[in-house]
Amino acid sequence: MKNFNNDLTEKIIDEIKKRTKTTAYSMVVENTDEVSLFDSKFGGMPYWDLKKEYPSDSCGNKLMLLAQINFDNADVNSPLPQSGMLQFFIDADDDVYGADFDNPENQDKFRVVYHENVDYSADKQKISQLDIPVIEECEYSPISRELSVKICSCESYMDSSDSRFDDMIKDILESMGESIPEDTPVFEYIDDECYDKIIEAVSACGHKMLGFPFFTQSDPREYSDTLAEYDTLLLQIDSDTDDNNDFEIIWGDCGVANFFINSEALLKKDFSKVIYNWDCY
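From a predicted model like this one, the values you see are computed outputs, not experimental measurements.

A. Region of interest: the pairing of strand β3 (residues 64-70). Of all 7 residues making up β3, 7 are buried, and the element is well covered by its neighbours. Sheet analysis places strand β2 (residues 41-42) next to β3, joined by 2 bridges and oriented antiparallel. The residue bridging Lys41 from the neighbouring strand is Gln68, located in β3. Sheet topology places β3 next to strand β4 (residues 85-90); 6 bridges connect them, and they run antiparallel. Residue pairing for β4: Ile69 is matched across the bridge by Leu86.

Below you can see the structure in the form of structure tokens.
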């Protein structure tokens, strides 16, 4: 194992950022108890167009709102929609939060819905009469309460959970004159302090749309040619705590959830095919 000084560590970090920087949109939880029907949020009462059939599974059980993004009030650029409402629903009475790990494309116990136009005259009381599941009554909701979110542009970099990460660092080190034995993993070549600094500096964790995803285990798309077509991170919701360090969002044992879509489908605002996966430590 080789020790790297701070200057060299920073050069590695700078090169990773230079090679992989892309624009994403972070979703920052706001500390407020006033969340409207039309806000971008996690959980709570969803906006709904009563002319549409509310999402339910194949047994007729209605799904809980996981997240909604109001693009009318969000300063985002293409390929995300410039208007309308995007919603994510899950089965929160299912102990795996509606995920089908054998077939992540299966939108039975989860659903992604896009409203091209938002009707701001929609009545919360009438929507509640649809007998929509609320967090307090759901056995397995990963979200503890309705949370308003603010959407902000940010930079995203390749995370250490990406299968290409170590090869990229090896390439960067070799460009700096380092010679790493072919079968030696990067974390066995670089000292722990340096490697930890690199991982922390380019971490892809957090709530966001677009950019590089974060996994606690591995990317499910790596093992399937079919899933490889879902090349864009549509939404990531991480485990998160409040100011008192109590969990407001938690996926299993402090995990993270990801929704992926094909880039061309996103441009067309076609959300009929999305994959959903979550993993934890």
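There's more to say after this.
B. Broad picture of helix α1 (residues 6-20). Helix length check: α1, at 15 residues, gives a terminal C-alpha distance of 21 Å against a target of 21 Å (1.5 Å per residue), a fit within 8%. Of all the residues in α1, the buried ones are Thr9, Ile12, Ile13, Ile16 and Thr20. What you see down the axis of α1 is that its buried residues fit within an arc of 95 degrees, all on one side. Of the exposed residues in α1, the ones pointing more than 90 degrees away from its buried face are Asp7, Lys11 and Lys18. In this fold, the buried residues of α1 make contact with β1 (22-29), β6 (147-156), α3 (165-175) and α5 (192-201).

C. View of the packing of α1 against α5. Put simply, α1 and α5 touch, their axes get as near as 10 Å, and they point 30 degrees apart. Once α1 is placed against α5, the crossing between them reads as right-handed. Here α1 contributes Asn6, Thr9, Ile12, Ile13, Ile16 and Lys17 to the contact with α5, which in turn contributes Cys194, Lys197, Ile198 and Ala201. Split into classes, the residues belonging to the contact of α1 with α5 amount to 6 nonpolar, 2 polar and 2 charged.

D. Here's a closer look at α3. For α3, the full list of buried residues reads Phe165, Met168, Ile169, Lys170, Ile172 and Leu173. Turning to α3, the residues buried within the fold contact α1, α4 (186-189) and α5.

Rules behind the numbers
Residues numbered from 1 in each chain as written. Predicted model: local features only at pLDDT ≥ 70, side-chain atom pairs only at ≥ 80, totals over all residues. Heavy atoms only, no water. Buried < 20%, exposed > 50% of the residue type's maximum accessible area, 1.4 Å probe, protein only. Helix = DSSP H or I, 4+ residues; strand = E, 2+ residues; numbered from the N terminus. Pairing = 2+ DSSP bridges. Expected span 1.5 Å × (residues − 1). Arc of directions from axis to C-beta. Contact = heavy atoms within 4.5 Å. Axes fitted to C-alpha atoms, helices over the stretch in contact; angles between N-to-C directions. Left-handed = near helix turned anticlockwise from the far one by under 90°. Nonpolar A, V, L, I, M, F, W, Y, C, P; charged D, E, K, R; others polar.

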